[in-house]
Amino acid sequence: MKKRYYFLLLLIFLIILSLWGISFLPDGKLHLYFVDVGQGDGILMQLPTGEFILNDGGPDNKIINFLSQKIPFYNKKIDLVIMSHPHADHLNGLIEVLKRYEVKNLMLTGVKYNYLGYDQLIELALDKNVNLIYVDGQKDYKFGKVAIDILYPNENINGKYFANVNNSSIAFRLIFNDFKAFFSGDLEKEKEELLISQKLHLNSDILKAGHHGSKTSNNLFILEKIRPDWVIISCGVNNKFNHPNPETLKHLQSISQKVFRTDLQGNIEVQLSSKDEIAFKPSR
């Protein structure tokens, strides 16, 4: 009788484990998770074929808890980490990510910046044989039907010094079939104007607001070029910078159907199988 009981328990456990494992399998959809990391950026992208891309890691280790919910413990691989620029609110969480996960590629600019965390991240990447990709705008990157369209920088800036390191931020569009999402780290207005002057394709369905909705980014002219239907602002509750800036917020609301904010709505998931089938799932 005991053997039958233990066998039944084992069978139930295996069924639960199997169902749990199935939940991690790719579902053919693109999932964008704008993680509530506080005052910073952290965006996880789960591609239709199962690859994971992480764009920035926030100011601390909050991103780790979220990753553990989305990436199975038996396959702790991240195909690409994109570090937009080496400010702490984008970089700090990536140090622990590299320690705990098998990161295949780290995309960065390689600009000079005097910050211990930046040095630690590069040293850790080299120690773990992570492939370093220094972007130059001359090459885009493809994962099946998903493309990373690099918009800025449009030249190799590895080793260069920027008085305002925000303006070294990697800007790119993620493209999946007809759907496009625009990311630009903390790129400020003068570099946004450069993107406009180069007559690049900027139109996108979703915009991750530049620099947490700051008044130094989100130039009205670039917003008119991007023409996003939806905007996501990543910022911390009652942050000392007063992000998003009230005037910037008005501009974003005037040009978009809906503006979501991590400080108000927590983690925000965007799920889509096609441009016409987009679902938004805030956690609050």
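*Asks:* Help me understand the environment of Ser184 in this model?
*Replies:* One can find Ser184 in the loop between strand 10 (179-183) and helix 5 (189-197). Looking at Ser184, the relative accessible area reads 4%, which means it is buried. Separated by 100 residues in sequence, Ser184 and Ser84 place their C-alpha atoms 7.5 Å apart. Other than its neighbours up to four places away in sequence, Ser184 contacts Ser169, Ile170, Ala171 and Gly210.

*Asks:* Please explain the nonpolar core as it appears in this structure.
*Replies:* Across soluble globular proteins, nonpolar side chains have a tendency to be buried as a group. Counting residues in hydrophobic clusters, the biggest one holds 53 residues, and the most contacted among them are Leu54, Leu67, Ile78, Val97 and Leu195. Setting aside residues up to four positions removed in sequence, Val97 forms contacts with Leu54, Ile63, Ile64, Leu67, Ile78 and Val103. Counting 31 residues, the second-largest nonpolar core is a separate cluster that includes Leu47, Phe176, Phe260 and Ile268.

*Asks:* Help me out: how do you make sense of the side chain of Gln271 in this one?
*Replies:* The topology assignment puts Gln271 in strand 14 (residues 268-274). For Gln271, a relative accessible area of 14% corresponds to the buried category. In this view, Gln271 contacts Lys29, Leu30, His31, Glu277, Ile278, Ala279 and Lys281; residues no more than four positions away in its chain are not counted.

*Asks:* Can you help me understand unusual backbone geometry in this one?
*Replies:* Of all residues except glycine, most have a negative phi; of all peptide bonds, most are trans. Note that the residue after Tyr152, namely Pro153, is joined by a cis bond; omega there is 0°. Relative to the assigned elements, Pro153 resides in the loop between strand 8 (146-152) and strand 9 (171-176). Here the residue pair His243 and Pro244 is connected by a cis peptide bond, since its omega of 0° sits within 30 degrees of zero. By the element assignment, Pro244 lies in the loop between strand 12 (230-233) and helix 7 (246-255).

Calculation criteria
- Every residue gets a number counted from 1 within its own chain, in the order that chain's sequence is written.
- Confidence filtering applies because this is a predicted model: local features only for residues at pLDDT of at least 70, side-chain atom pairs given and counted only at 80 or more, and all residues used for totals across whole chains, interfaces and linings.
- Water and hydrogen atoms play no part in the side-chain values, which are based on all heavy atoms of the structure.
- Helix numbering and strand numbering both begin at the N terminus, where a helix is a DSSP run of H or I of at least 4 residues and a strand a DSSP run of E of at least 2.
- Here's how the labels work: a residue is buried when its accessible area is under 20% of the maximum for its type, exposed when over 50%, partly exposed in between, all with a 1.4 Å probe on protein chains only.
- Should any heavy atoms of two residues lie within 4.5 Å, those residues are considered in contact.
- Definition of nonpolar core: a set of buried residues of the types Ala, Val, Leu, Ile, Met, Phe, Trp, Tyr and Cys, connected through side-chain atoms within 4.5 Å.

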